[in-house]
Structures are given as C-alpha cells and as structure tokens.
Amino acid sequence: MEQRSLGFSVFLYASALLLAVLILAPFAWLFIMSISSTTDLISKPLRWWPAQADWSRYRVLTDLTPNTHGAALMSALKNSVLVAAIATLAALAVSVPTGWALSRSRAVNWSLGLVIGTYMLPPVALAVPLYMGLAALDLLNTRFGLAVVYLTILAPFTAWLLKSGFDPIPRDIELAAAIDGARLDQTLRILILPLAAPVIGTAALFAYLLAWDEFFYALLFTSDQRAKTVTVAIADLAGGRVADYGLIATAGVIAALPPVLFGLLMQRTLISGLTTGSVKG
Amino acid sequence: MSTLDLIGIGKSYGATEVLRSIDISLASGEFLVLLGASGCGKSTLLNVIAGLLSPTTGEIRIDGKRVNEVHPKDRDVAMVFQSYALYPNLSVRRNIGFGLEMRGVPRARRDEAVARVARMLQIDGLLDRKPAELSGGQRQRVAIGRALVREPKIFLFDEPLSNLDAKLRMEMRAEIKHLHRLLATTVVYVTHDQIEAMTLATRIAVMNNGAIEQIGSPEDIYRRPATVFVASFVGAPPMNLIEATWDGRGLHLDGSGQTLALPAPDAAPRPVTLGVRPEDLRLADPADELAIAATVDFAELTGPDRIVFSRLAGVPILASLPPHSHVTADEQVRLTFSKRDMHLFDRGSGKRIDIPLRPVA
C-alpha cells in the first residue's frame, strides 16, 4: 500500500462522510418528518427531532377503505408497479435485439445518434402529440397507454446501454457458434444473453427507476385511480386546502420502498466479469 | 476425408483488394499452411473457406461441390480461432459438445464423444470447469477439442498457437501434428510463424499482398523459393540478398566491384538479385573460385552455430558457420558457397531464374 499522509487520510474520510450525508440527509429528513407530529412540523423554530414517534400516518396510508388517502395511494402504488414493469419489459424486448444489432454492425450506428438526439427534446414538446395519439387510440387514463408512452422514453436509453454492454463480448464467440451450427436465436439465448446479463440487469434497473419516478406525463395522461401513478398520488396529497407535510413525507417513504427492493433484487445480476476466460487469458 | 478447391478467389472491400485470384487445390488429408505476414490476407482467406466471409469472385468447392452460398454451419468445417473463442458461460463439457448439441445429437452420444475427445487431449479432468478457470494451454486444447469432436470434413486453424508461450507452443505443435496423422483430416492452417509452417505442412502457400507467391512442399519453399519475397520471408536468419548484374562474363556484385565466375547464357547485362542462405555459406579456401569477400562486423555464438555478421559494400551478409570457426571484427573473410545452393532472381519481376548447372569444371 502506498504511503499516505495523515492530512490526506482525514481529507479522504471527510469527503466520503460528506458525500454520504449529502445522499442520506434528505431521506433521513423525509423519514423523520413522517413520524413527527404535525405540531412538531409547524412549530417555529422548527423542531428537528420529534418529541414522540408518531406512526399513525403509516396506518392512514395503508388503510384500504374506499375514498381514503390510503386507498388512493395503494392503488397508485399498484399502478406504478404495473406501469413501470410493463414499460421496462417492453423496453428490454425492443432494445435487446436493437442493442445487439447496433453493437455488431457499425453501419447503422448513425441511427443511434439520431435516437439519442430525440432525448434532447424537452418532454413538453411531445406532450400534445402524445396526448392526441393516446386519445385517438382510446388509451388515455389507462396503465397500458402510460406504459407505451414510457416505452418511448426507456427504449432508446436501454438500447444505448445494452449496445455498450454487447460491445465487449467478442465477435469471435458468435462466429464460433455459427460454425458450430447455432441459429441466431440459439446464439442469442445460450451465449450472448447470459454474457450480457449484468448489463441487462443494469438496464432493467435504470429503466424501472426512470419509469417509477416519471411525473410529467403521468400527470397529463391519467385522471383517476385506474391509472394514476404514485408520483401523481403524492402530488394530490399536497393539492388540498391543508397540506399535511407529515402525510406527504410518509407517502414518499412508502413510494421509495419498491424501487429499493427492486434494486436489492437486481444487485445480484450486476456482477460483471463474466466474459473473462473466453479469449486469451 | 475431403478435398477442397479454391478457384480464382478474390475479395475486395470497395477499391481495396484483399485477396486476388487465389487458386488452391487440396487433396484429401493434406495439411496446407497459409504463411504470410500480418495483413497479407491469409486470415481473410480462411474466413472465406469457413463461410464467415463471402468472396467477391471465384468459387469454393468442398468435395467437388460449390459451397459459396452454403452457410458456415452446413459446410461441415470446424475452426479453431486465434482467440480460442470459447463460450465463457458454458462448462468445458458443453463447450466441446456445443456443435453436437446444436445438431441435435442425443445427450448420451454427445457425452460419449466429448469424453473420447477429452481423453485424447488430456483434458478429461477439466470437463466441469468454466473456461476462465483454465490455463492458456488448456483453453487451447478445449478449442481444438471443440473442433475435433464434430469430425468435420475440414479443419481450419487461425494462428492457434500465437497466444501460447514458446515451450507450450512447441508441445501443441507436436500434438497437432500427431492428431493430423491420427485423423488424416484435411487441414488449412494460418500462421505467420515459419517454423510452424515448415514442421506441420504437407504444403505451404506463402501469401503476400493478397496473392499466393508460391505454393509447394516445405522443402520446395525452402530450397527453391519462386520469388525474392518467399526467399526473404522463409528462413531464419534470413537469406542474404545481394543485388548484382549478370552478363556473359559473370555475376558482378553491385557496388563492390567483385565478380563471380558465373557467366550468363546471354551476353546482355541483366539486373538480378543473388540469394544465398546463411547456412550455405562457409569460409573459403584459397582454391575456391565462387567466393564473396566481406568485412566482419561481429559474430554471435548461438550454441550450435556461430552467426557472422559481415558487410559487402554496405549490404549485410550473414553467415552461419560452425561454432569453432574463428573470425574477428574488421577482418576480411572470403565466404564461399556451392552453385547448387545459390538462388538468382530477376530484379524486375522478383521471379526465380533457373541457373543452368554446367558440369563442374
């Protein structure tokens, strides 16, 4: 190990600590808010630490009685899970073949640039055409309709990510498989997809998070519990005459849980280095 | 047991010609080595035979049947890649059996075939490992095993030994030679290593610039190089090439004023290149007429030989002499050779000129 001065070590640990605090502080504050009483939250000066932990809002928001905040949030959670899942699966289905093709034939790489270029457009520019399109297809305020809109956002991103994931897989493996008699689908299924599993997992994770966090289109294209997603439902909590900040914070904590679980689940596929040993050591 | 015919194969990318009118005819069981420097088109030619590339012109025939339009998997060829191209996510067993698996061979017969090949290559203890857990030499064996197990019509090797260290390379070379003797399958083998070419081939095709310079037995290639390129490419240390003018009086070595008593059949002077291999040179006796006088730079003892680096009017002359030969730096030496061992090439075309060997006077 290299020699390090004490000052440098202090600097290093201080930087790491600062980064951790910056990342965790908002979430910690969100959680503290969710268990603080309303009096604590509106008192001046602000009380940073609740006098007593108040878990009642978690009960309110998981209460499934119709026409309550709880029912609204839970149905929104379900919508979000489904919309994000459909959009992610569809995006992978589209972008795995696309990414592979882009990775293997340099001739069509310009199209990727074009697709990424559409990312530069502000979402609002596409809002009206998308709205009219969904209306024409009778898909407004449906989970499927929203998932289709998300697909248009996710697919270019995942295709680009997967292309860079396929790039390091040696072309020779495919040639060898071709000589060995493998059909295209067999090559993809038995060899390429398992080798690209880490990057496919990463793509799925990011796509899911992107869809989960989306607010703008969800707000525009959904109108009630049949399709409203959790981001819109949280905004609804703030929409009344009295905004219960504690309730909003609690909804935020609940909304953060599914992606965290999904992330933990996908973490196992994110291990890389699977291609070592294919070509010379 | 298959024949392979390449008829007028050409391959170009736009205006760039990578292969030009390649004609090769292989009898069943031949071991052809495509020898050349990198970029000469030898790997391209191998890929054309495998079906991974389509030739721009010409025809490929396996067992007399045109296969230009046949997909690689239906050509019944097996290829060993320079990078091995093992399937990293599959076990050694499945790697070797992959070709059979894809062809729908039942599990039991497949396992049996894999076990047989693994025994032959002494990798039967490694069948459950992944390629990443193998050493370079073991990976090489798996790659060869994958090709062997299918019992293809033709084996294609693309510089299979270039990633191995010298000792392992020698072992694997011997093993490939042994396998070829055992199986007698037709082989096309690409390499830039002339020792591999000389030891393995029944025939060598020396390639340069997308064309075949010479095709012949290793003996032919070495003893009777058809062009200056072949002469300079094959042999280590390389053949001495001395520019000269050849006329009715003899062979005048350019720049040095020396003349060898070797009159041309025609009186008209002709620019030629004289070639003599270092091992065909020896220190001359005063009686030797056919001799070159050169100045010694230095000498190196390699063990079996003493390589003498000398100069003739600026042109380096290498002589591989017996280890006990005594030469010193800056000494003038006379190096002689037999007429049988010399080569003459036309300087314009680079082609070999057959020297009329008149009865020794």
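Coordinates for the structure precede this section.
In this text, all values refer to a predicted model and were calculated from it rather than measured experimentally.

The next subject is the overall build of chain B. Looking only at helices and strands, chain B features eight helices and 21 strands. For chain B, the spread of C-alpha atoms along the three principal axes comes to 75 × 45 × 40 Å. Out of the 361 residues belonging to chain B, those deemed buried represent 52%. Within chain B, contacts between residues at least 6 apart in sequence are counted, and of these 65% link residues at least 24 apart. Per element, the accessible surface of chain B, about 15800 Å² overall, is 51% carbon and sulfur. Put simply, chain B has 44 plus and 43 minus side-chain charges, and the middle of one group is 6 Å from the middle of the other.

All names here are of chain B. Checked against the element boundaries, Asn95 lands in helix α2 (residues 92–102). A distance of 2.7 Å separates a polar atom in the side chain of Asn95 from the backbone nitrogen of Tyr87. The residues contacting Asn95, other than those within four sequence positions of it, are Leu86, Tyr87, Leu90, Pro131, Val142 and Arg146.

All right, on to the interface of chain B and chain A then. The interface of chain B with chain A comprises 29 residues on the first partner and 23 residues on the second. Summed over both partners, the interface of chain B with chain A buries about 2100 Å², with 65% contributed by carbon and sulfur atoms. The largest share of the area that chain B buries against chain A comes from B:Pro88, B:Asn89 and B:Met102, three residues that together contribute 24% of it. Put simply, B:Arg150 and A:Asp180 hold a salt bridge, and the shortest N to O gap is 3.2 Å. Inspection of the region where chain B meets chain A yields eight residue pairs in polar contact (both at pLDDT 80 or more). Broken down by element, the side of chain B that touches chain A gets its largest block of residues, five residues, from α2(B). Considering only residue class, the side of chain B that touches chain A consists of 17 nonpolar, five polar and seven charged.

Another aspect to go through is the nonpolar core. Counting 94 residues, the largest nonpolar core has B:Leu45 and B:Val188 as the members making the most contacts within it. Residue contributions to this core peak at 15 residues, all from helix α9 (residues 184–213) of chain A. Within the second largest apolar cluster, 45 residues are counted, among which are B:Val80, B:Val105, B:Val114 and B:Ala201.

The next thing to look at is unusual backbone geometry. Backbone geometry follows two general trends: most residues other than glycine have a negative phi, and most peptide bonds adopt the trans configuration. The omega torsion across B:Ala236 and B:Pro237 is -5 degrees, close enough to zero to call that bond cis. By the element assignment, B:Pro237 lies in the loop between α8 (228–233) and β11 (240–247). A positive phi angle is found at A:Asp138, which is not glycine, with a value near 60 degrees. Along the chain, A:Asp138 turns up in the loop between α6 (123–136) and α7 (143–166). The backbone of B:Glu159 sits at a positive phi, close to 40 degrees, despite the residue not being glycine. Residue class for B:Glu159 comes out buried when judged on its relative accessible area of 9%.

Conventions and cut-offs
- Residues numbered from 1 in each chain as written.
- Chains lettered and ligands numbered in written order.
- Predicted model: local features only at pLDDT ≥ 70, side-chain atom pairs only at ≥ 80, totals over all residues.
- Heavy atoms only, no water.
- Helix = DSSP H or I, 4+ residues; strand = E, 2+ residues; numbered from the N terminus.
- Buried < 20%, exposed > 50% of the residue type's maximum accessible area, 1.4 Å probe, protein only.
- Contact = heavy atoms within 4.5 Å.
- Areas by Shrake-Rupley, 256 points an atom, 1.4 Å probe, with all protein chains shown as cover.
- Lys, Arg positive; Asp, Glu negative; His and termini not counted.
- Charge placed at Lys NZ, Arg CZ, Asp CG, Glu CD.
- Polar contact = N/O pair within 3.5 Å; in protein donor to acceptor, adjacent residues only side chain to side chain.
- Buried area = accessible area lost by both parts, 1.4 Å probe.
- Salt bridge = Lys/Arg side-chain N within 4 Å of Asp/Glu carboxyl O.
- Nonpolar A, V, L, I, M, F, W, Y, C, P; charged D, E, K, R; others polar.
- Core = buried A, V, L, I, M, F, W, Y, C linked by side-chain atoms within 4.5 Å.

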